[in-house]
Amino acid sequence: RRAKQALALCEKLGPTFIKLGQALSIRTDLVPEAYALELRQLQDAVPPFDSTVARKVLEREFQVNNLKQIFSSLSAEPVASASIGQVYRGTLASTGKDVAVKVQRPGILAEIALDLHVLRLLTPIQTALQNAANGVPTTQGDIDLAVDLVDEWGRGFVAETDYRLEAANTMQFQKAMEARGLNAVCAPTVVPELVRDKVLVTEWVEGTRLDRDASPDVPRLCGVAINAYLTMLLDTGVLHCDPHPGNLLRTTDGKLCILDWGMTLAVPNNLQYALLELIAHINVEDYDAIPNDFINLGFSPEGVTAERLKESGITEGLSFAFRQLSQGGGPKKIQERVKAEFQERYGSDLSDEELRNAARAEMLQRMEQQLESEGVDVKGVTNVMEEMSRRNRELFKLPPYVLYVARAFSTLEGIGLSIDENYGIVQECYPYLARRLFTDRSPRAKKALRAMLGLSEEVEDVSTPATVSPGIAAIQAGTLDSLDSSEETSRGGALSPAKLLELSDGFASYTAATADVDRDGAGQTEAVKEFAKLLLDPKGSSLQDILVEETARLSDAGTRKLLQAALVDSAPAQTVASLLQRRKDFVEQNPVLNILLPKPLKTAFVDRPAQIPQLVESVLSLSREDEQILKTATDLVSALGSRLGSSNEENSSASDLSLAAARISSPSAMTSSSVDLEETRTLLANEEARQFLSDQGPGVAALARRLSAGLLRRAAYRTDRSEEFLSEETRHALANLNRRLAERIDVPEDSEAQKDA
């Protein structure tokens with residue numbers, strides 16, 4: 001009964017409270033199930049206004065006396081109704097196409113203005129009551145922040161009444177997704193000539209709401225939704241801010257269609273990269289770097305430094321919060337895990353109230369310790385929690401855009417949790433992160449990718465280290481800490497096979513989910529194709545750059561290991577070294593020879609030859625870096641071998657095109673010494689596979705040039721370090737020659753890709 005009353009109250013209070021009810025309707029982890037079920041009617045079944053009035057609006061907007069001039073048919077009643085308008089189904093008289101006709105509620109702007117005015121009046125009271133309930137005083141800053149959030153939300157709400165803007169947003173999104181190959185997600189096709197201030201006409205989309213569809217691919221479409229929203233947030237820069245289930249459809253051909261583009265948020269480029277770095281830090285559990293991210297994201301007032309944020313003790317709290325979020329399950333599961341942790345810490349026999357009191361006591365103790373560490377006399381502080389609250393207000397602020405981002409992803413998390421109670425939205429972000437870091441060639445993204453792969457900072461000519469930002473260095477530290485226990489605790493700049501494979505899996509998962517409708521393995525085939533194209537892109541990619549560099553390092557280390565085995569460790573080499581040393585010892589121990597043999601001759605024919613084995617050994621000796629590179633290669637080949645071996649039977653029915661792409665994109669192909677002639681004949685007999693292989697020709701040639709340039713740069717690096725053999729002038733001349741040759745051979749990077757983020 002109370003749930004029905006809540007629904008009726010939202011409907012009676014108008015559009016603003018209907019929006020609030022929509023947001024709560026999918027969060028059964030926040031509100032009781034009965035309330036959520038009732039409030040879901042607000043998603044597409046808000047009480048409609050009179051259809052006679054709607055037809056009057058249509059006639060006025062289209063300036064016609066008879067709607068038959070525009071529509072050969074139009075439903076008598078709306079098929080859906082929402083807070084801003086309602087939708088009719090019709091057929092265009094000119095083309096015969098089925099369309100959705102959205103008509104705006106009369107006087108809606110005045111209703112919204114009144115609601116927002118009332119909210120602005122009530123917000124200071126609500127803020128004061130909330131703070132009083134939490135035992136903290138209310139400052140003018142608290143009230144100003146709350147009012148700013150209401151104003152920002154109101155801005156977006158008012159923007160929803162601009163149907164011309166909504167039409168532009170819809171078309172822009174469709175174009176952006178097509179340009180990025182995200183063909184599994186779409187928006188309704190706008191009929192531009194029928195867009196008016198109060199009317200929006202789009203082609204009809206056949207489908208069912210995502211949360212009500214029983215198709216087996218709905219979980220995949222939830223992943224599509226996450227990837228689409230991350231693309232909007234971190235790439236296109238226009239975020240859809242109203243993703244309630246009524247606006248997310250599964251089309252009859254298995255795509256995700258996003259409706260209602262009235263409320264959007266513009267995301268500037270710098271903010272996109274700051275968010276990208278935050279996601280990367282969370283993924284590798286590098287919580288020490290997050291204070292710097294908070295500053296980049298505008299979560300701290302002007303003048304607050306990352307060091308001050310760290311000193312405030314924020315890192316520990318963030319570590320706990322994000323670790324819980326990463327495990328998934330939403331607030332309900334988080335509450336269960338926190339309770340279990342408290343029971344383990346304070347005692348399993350304590351009641352819920354006793355656990356809360358114990359946790360509060362510990363929190364107060366830590367607050368006192370924090371204040372003491374900052375030189376505050378705790379005994380002189382009447383309310384420790386109040387003092388910490390005041391300090392936190394000095395360190396943190398909530399930017400208005402967070403309201404929209406939180407609402408969008410909270411809604412998506414709610415949909416995911418309705419399908420899987422262990423759904424984790426943080427982990428669902430990983431496939432997009434992998435694709436973005438693999439393909440984004442901006443310096444900021446490339447440094448993040450290198451650090452996530454466990455590599456040291458990027459070098460320009462393999463001899464002069466580039467500087468790395470503290471945030472990216474911290475990602476690297478987090479990555480190294482998160483490696484499997486079977487790996488070294490610190491790779492010292494060596495590629496992490498586990499992280500490379502994890503990122504590759506994420507890239508494949510993203511492509512398979514978003515590139516096409518995944519029928520009969522089409523998505524997986526597309527994933528393999530896209531990975532092959534990425535590795536062999538003639539324009540290059542961040543991943544290709546790293547693999548070329550690592551191949552050059554591996555060639556260097558492998559060659560020196562072979563030469564060391566032949567020229568230092570082998571029996572003949574040790575025999576020669578022993579003979580040369582004996583000859584030197586014999587001459588030095590013979591006084592007559594020492595007197596008779598001129599010093600220049602002794603140096604040239606006795607001393608220097610005896611030093612050659614030591615010089616060769618010093619030049620060819622493997623450093624810790626070399627050992628790690630060789631170990632990385634062994635680990636990577638082993639991991640790939642086990643994967644390919646275990647998946648041979650699974651892939652036996654793969655398409656020839658998929659097989660061709662897999663062959664040319666797999667790192668194991670470069671280490672294989674055997675060729676399956678029957679498999680080769682099968683590939684070449686397939687026209688599509690032949691065309692795909694032919695299309696990769698320019699990429700193979702470009703990759704060969706980049707690899708040659710990488711080897712030359714590595715040779716220059718070694719030449720610079722050959723002080724024992726070469727004079728400084730000779731070393732510089734040879735090293736510079738190698739670098740000039742590398743520059744001539746290398747493929748120049750696209751200047752557009754090099755713009756600094």
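This text goes with the structure placed above it.
Note that this is a predicted model, so its numbers are computed, not measured.

(A) How the structure looks around unusual backbone geometry. Although it is not a glycine, Q63 sits at a positive phi angle of roughly 55°. Inspection of the secondary structure puts Q63 in the loop between α4 (51–62) and β1 (71–74). In this structure, D260 is a non-glycine residue whose phi angle is positive, near 65°. Tracing the backbone through its elements, the reader meets D260 in the loop between β10 (256–258) and β11 (264–266).

(B) Main features of the packing of helix α12 (residues 314–326) against helix α13 (residues 330–346). Relative to each other, α12 and α13 sit at 125°, their axes nearing to 10 Å. In terms of orientation, α12 lies oblique with respect to α13. At the point where α12 passes α13, the crossing takes the right-handed sense. For the pair α12 and α13, contact is made by F320, Q324 and L325 and by I334, R337, V338 and E341, respectively. Class assignment of the residues belonging to the contact of α12 with α13 gives a composition of four nonpolar, one polar and two charged.

(C) A look at the side chain of D213. Along the chain, the position of D213 falls in the loop between β7 (207–209) and α8 (218–236). The side chain of D213 sits in the buried core without any salt bridge; R250 is the nearest counter-charge, 4.1 Å away. Those residues in contact with D213, other than ones at most four positions away along the chain, are T208, V218 and R250.

(D) Summary view of the packing of aromatic side chains. Taken as a whole and assessed by the stated rule, the structure comprises five aromatic pairs. Lying across the ring of Y163, K102 places its NZ or CZ 5.5 Å from the centre. The ring of Y273 carries R436 above its face, with NZ or CZ at 5.3 Å from the centroid.

(E) Quick look at a nonpolar patch on the surface. Taken together, the side chains of L114, V118, L121, L122, I125 and L129 define a hydrophobic patch exposed on the protein surface, amounting to about 580 Å² of accessible area. For L129, the position within the fold is in helix α5 (residues 108–133). Residue L129 is classed as exposed on the basis of its relative accessible area, which comes to 58%.

Quick notes on the rules
- Residues numbered from 1 in each chain as written.
- Predicted model: local features only at pLDDT ≥ 70, side-chain atom pairs only at ≥ 80, totals over all residues.
- Heavy atoms only, no water.
- Helix = DSSP H or I, 4+ residues; strand = E, 2+ residues; numbered from the N terminus.
- Axes fitted to C-alpha atoms, helices over the stretch in contact; angles between N-to-C directions.
- Parallel < 35°, antiparallel > 145°, perpendicular 65-115°, else oblique.
- Left-handed = near helix turned anticlockwise from the far one by under 90°.
- Contact = heavy atoms within 4.5 Å.
- Nonpolar A, V, L, I, M, F, W, Y, C, P; charged D, E, K, R; others polar.
- Buried < 20%, exposed > 50% of the residue type's maximum accessible area, 1.4 Å probe, protein only.
- Lys, Arg positive; Asp, Glu negative; His and termini not counted.
- Salt bridge = Lys/Arg side-chain N within 4 Å of Asp/Glu carboxyl O.
- Phe/Tyr/Trp six-rings, centres within 6.5 Å; stacked < 30°, edge-to-face > 60°.
- Lys NZ or Arg CZ within 6 Å of the ring centre and 35° of its normal.
- Patch = residues over 30% accessible without salt bridge, like charges linked within 9 Å, V, L, I, M, F, W, Y side chains within 5 Å.
- Areas by Shrake-Rupley, 256 points an atom, 1.4 Å probe, with all protein chains shown as cover.

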